[in-house]
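# Breakdown of the fold
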Amino acid sequence: MANYISITESEKKQMLDAVGVSEIEELFGGIPEKVTLKAPLAIPHGLPEQKVFAKMSAMAAKNKVYRSIFRGGGAYRHYIPAVVDSICSKEEFVTAYTPYQPEISQGVLQAIFEYQSMICRLTDMDVSNASVYDGATAAAEAVAMCKTPRKNKALLSSALNPQIIETVKTYCFGSDTPYEILPHTDGKTNVDFSDSDASCIIISQPNFYGVIEDVEKICENAHGKGIKVIVCCNPISLALLKTPGECGADIAVGDAQPLGIPLSFGGPYLGFMACKTELTRKLPGRIVGQTTDTRGNRAFVLTLQAREQHIRREKASSNICSNQALCALRAGVYLSAMGSRGLERAASHCAAKAHYMAAELCKIKGVSLAYKNEFFNEFLTICPKPEAALSALDDAGILGGLVVDGKVLWCVTEQNSIDEIDEAVGIVREVCGK
Amino acid sequence: MTTIFERDNGAENEYLGECEVSYKLDNKYCRDKKLKLPGVSEGELCRHYTQLADNTYGVNNGFYPLGSCTMKYNPKINEKVAALEGFSDIHPLQPKSTTSGAAEAINLLSKYLCEILGMDSVTLQPAAGAHGEFLGLLLMKAYHADRNDAKRNKIIVPDSAHGTNPASAVMTGFEIVNIPSAKDGMTDIDKLKEAVGEDTAGLMLTNPNTLGLFDKNILKITDIVHKAGGLTYCDGANQNAIMGVARPGDMGFDIVHVNLHKTFSTPHGGGGPGSGPVGCKSFLSKYLPEGECSIGRVKAFYGNFLVAVKALCYITSLGCDGLLSASQIAVLNANYVMSKLSGLFETVGDGYCMHEFVITLEKLKSETGINALSFAKALLDEGIHPPTMYFPLIVPEALMIEPTETESKKRLDDAIEIFKDLYNRAKAGEDMHNAPKRTYVSRVNEVAAARNPIVKA
Amino acid sequence: MSIKFTKTHEWVKFTDDNTAYIGITDYAQSELGDVVYIRLPEAGETLTTGQPFTDIESVKAVSEIFSPVDGVVSESNELLDAAPELINEAPYDTWIIKAENINKTAEFLTEEEYNEIIKG
């Protein structure tokens, strides 16, 4: 049994003497007898590390690790340079708390500041926070930022990832915020602002179906009605696609999992949030700012804290009091390692290979694109026998696309080689093409 | 330190080869503004982050008695296990039949947490303690709404509460009723009785509380709230004091969250990722995200799964007896330090503390002008991470000290000597207003940072 | 132009019967510490006696400012956007809002009465 305790029996005795008790149990005398446990917890006895590892490894071995994945839907397998794991396992970063004491936390503060800077450059927005739990909660927090005493209704594109829609709905239930789900036509959000009294609209770029939305147009129309625009983006696509900033969005959010964070069965991931300067004080979560120390040296510190719950308490707009710092570090290291050209290349791989696969799949009889609009690296196909095709792929160690309303949503990244794509298409052809 | 942008010399690393196929997106979809990420070689990148790590202080650097945060040792085996491909490289949307190991991990951890907390169901979805509070309060909201009891819109919160409690209550549409604590640091029973009524949705209480004291009236407290028709929420931030000793479920709490990154040894990572599972009694289970009358999801997928794996690994290592020892030694360590410091510093509450205690420097401040902030900054020069400062709000010039069970007696003795030495130096007239002096940067100008925010390079 | 005070640490200077400048007292700014931000209300916002019309932030605190009158905001002191420290440096020369259409007020205190209160 491990418990990571350093105190030896003889030290324990010395300490009990110093405190003035003979048994450790006396220290718990303030707990009423009635609520004190009378029996040990019904949890097995502890195990030595070797046995723990064996037990946990056996559990891990029951999960299937695919050699090839063509599924996205909010979680993406991209290549993670070895340097990311190496740097992010440094103990100082791993075992530090939130940097409340800036004098001994310049490293983590600067790392977050650099992360914020990179998010601003990717999204072309003015201010980024230090991150939130994930992309779905980032979207939900962004809705809260847009509420005013007069307007609070949120418009949600039905082409958002369902995980995002469900999360935003829960937050709306909490804060009694009305919302409306907007339909989509041919995979693109269909918006009519003519008599809208909404405070904001959330759309995704590219959207759940992989389709590239007309964000610029939506921003123009929404702003005409005083409606703020929140764009959920795939960070890798931002190396290629028109940025939320260029389109005129007010807030850019998203999940930065594609930036060096493994699939991890859905978490921990990394929610990024960036906005225009005017909204800075509505931005929830931690923000690192640059300042100087008393000697005039550059220094970094958590700033604009009066927005936050530990000061504002019930008047705070969000209760968040952490960020995903270690995941933000991963994203920062990933982006720095890849550089502009590396990220652009990753994005080009994604788009090029996805279009190659889509074209190959559409050569199969009965397979066609569900929407004719342009896409990035995910696309929806009509497929005659989706379940059978996916099952055949699975047998070959390939995780195929995601079934959505009887159609198949495919995702291709730089991790999928042309040979792999050809193999997968061949399997689908075997099943569907006859 | 040089920033990564200042190191940019246009170097390029080669991680991905040329793409065998090409596709040109129409220009109308493409960004015009050139992307400007740092261009540094991998070697320079490593040096950059090594320098940042050198200027970061973690639990493995030294004593970290940050009250309410449970900065215990983060076992290496947890990291090794979480990094196994079978956990880290599985897709959240792959077929359920291919993730039975993940389901087993989730179910087993949920079962253990139910047992430790005395609850009937647990969800692992919340990503942090505050996120758990949010979910827990939504359970209350759904419960009252289901009973057509919508007039219950007030949450009672004691003035010693974490700031997240009132903030979470407001995010879930409730109003706050603050009640003052009694002189002994416990909940003021009379004030609670006055506060409850037909509009009470529930009570949020941290127990052991933020003064490091176990509320001796806990059964009476939860009973008062229940009799008034409200529900009871336990902020389980201080669970490290009572594992295997007492359970929130047996104290009359209906809902509780715990922080896996505090009690269950998963690393804090400089601010996250954490995990804040929520447990509840069976009559509320159906409202959990996974339940049949679900409040909905609060996060994508299954929560911070890898953090849950680490916590499971920890519980498996310690077992029932190890968890109990952890709490016992956590409480012993805190009492040991308190007993050694109480001669010089005024502590809050009488009798023994739980896993943490609060000292007030009010007297020292009035005698010497050295306040809790300066004292904390002076500790930095001695290689100690300061305790939590100025919390709870009800104690003036507070320092909240939580040593945790994984500290050695030698570390505690050294820290005690440092506290005493600083106290004596302050009394002797040493000026600590300019502390720290030996850290990488000296005291930081927070006013300038907030007045003229520079938040990106 | 005489200056009047409120129990909640605001000051009011009337320019005529229904127009006045409003700020916070020296005591209020010293309790708050270095002011880093104040949200400036927009012209036209309604003021209700005893209700907060904005809040003011220092690094470690945030505090509401209560309206001492019923009326309407006619102007906010734009200088405070770039230089919130003016409130610390010259609290009685630094107005936050100008109110007009004043038809009701709080119970004001004289300087002497206010000084008694803060002596507490």
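Keep in mind that what you see is a predicted model, and the values were worked out from it rather than measured.

Thresholds, definitions, all that
Residues numbered from 1 in each chain as written. Chains lettered and ligands numbered in written order. Predicted model: local features only at pLDDT ≥ 70, side-chain atom pairs only at ≥ 80, totals over all residues. Helix = DSSP H or I, 4+ residues; strand = E, 2+ residues; numbered from the N terminus. Expected span 1.5 Å × (residues − 1). Buried ≥ 20, exposed ≤ 12 C-beta atoms within 10 Å, placed from the backbone. Arc of directions from axis to C-beta. Contact = placed C-beta atoms within 7 Å. Nonpolar A, V, L, I, M, F, W, Y, C, P; charged D, E, K, R; others polar. Core = buried A, V, L, I, M, F, W, Y, C linked by C-beta atoms within 7 Å. Bend = angle between axes of the 7 residues up to and from the residue. Pairing = 2+ DSSP bridges. Right-handed = clockwise from strand over helix to strand, strands pointing away. Axes fitted to C-alpha atoms, helices over the stretch in contact; angles between N-to-C directions. Parallel < 35°, antiparallel > 145°, perpendicular 65-115°, else oblique. Left-handed = near helix turned anticlockwise from the far one by under 90°.

Residues and elements named next belong to chain A. Taking 1.5 Å of rise per residue, 15 residues should cover 21 Å, and helix H13 (residues 418–432) covers 21 Å from first to last C-alpha, within 8% of that figure. Taken residue by residue, H13 has Ile421, Ala424, Val425, Ile427 and Val428 as its buried positions. Around the axis of H13, the buried residues are gathered within 155° of arc, so they sit on the same side. Buried residues in H13 make contact with strand E1 (68–69), helix H11 (325–362), helix H12 (386–395) and strand E15 (398–399).

Once that is clear, we can look at the interface of chain A and chain B. With 167 residues of chain A at the contact, the number on the chain B side is 167 residues. It is H11 of chain A that provides the largest number of residues to the side of chain A that touches chain B, a total of 23 residues. Broken down by class, the residue content of the side of chain A that touches chain B amounts to 81 nonpolar, 54 polar and 32 charged.

Turning our eyes to something else, we now look at the nonpolar core. Core analysis: the largest hydrophobic core is formed by 346 residues, its most contacted members being Ala139, Val143, Ile201 and Ile202 of chain A together with Leu139 and Ala308 of chain B. Tallying contributions element by element places helix H10 (residues 305–341) of chain B first for this core, with 24 residues. What Leu139 of chain B contacts, discounting residues up to four positions off in sequence, is Ile255, Cys280, Leu284, Tyr287 and Ile295 of chain B.

This paragraph deals with H10 of chain B. Residue and element names in this part refer to chain B. In a regular helix each residue adds 1.5 Å, so 37 residues correspond to 54 Å; H10 covers only 41 Å between its end C-alpha atoms and thus falls short of that length. Largest kink in H10: about 95°, centred on Gly319. Counting buried residues along H10, 34 of its 37 residues qualify, which places the element largely inside the surrounding structure.

Further remarks concern the environment of Met119 of chain B. All names here are of chain B. Here Met119 lies in the loop between helix H4 (100–117) and strand E1 (121–123). Of the residues examined, Met119 has 27 C-beta atoms within 10 Å and is grouped as buried. Along the chain, Met119 and Lys281 lie 162 residues apart, while their C-alpha atoms are 5.3 Å from each other.

Our focus in this paragraph is the pairing of strand E2 (residues 154–158) of chain B. All names here are of chain B. Where burial is concerned, most of E2 is hidden: five out of the five residues are buried. Residue alternation in E2 divides its side chains into two sets, Lys154, Ile156 and Pro158 and Ile155 and Val157, and both sets are buried. Bridge count between E2 and strand E3 (residues 175–179): five bridges; the pairing is parallel. In the sheet register, Val157 faces E3, and the bridge partner there is Asn178. In this fold, the crossover linking E2 to E3 by way of helix H6 (residues 164–171) has right-handed handedness.

Another point: the packing of helix H1 (residues 9–19) of chain A against H10 of chain B. H10 of chain B packs onto H1 of chain A with a crossing angle of 50° between their chain directions and a minimal axis gap of 9 Å. Compared by their axis directions, H1 of chain A and H10 of chain B come out oblique. Between H1 of chain A and H10 of chain B the crossing geometry is left-handed. The segment H1 of chain A lies against H10 of chain B, with Lys12, Met15, Ala18 and Val19 of chain A engaging Leu332, Asn335, Tyr336, Ser339 and Lys340 of chain B. Taken together, the residues that form the contact of H1 of chain A with H10 of chain B break down as five nonpolar, two polar and two charged.

Remember that the coordinates give geometry; whether it matters functionally is a separate question.
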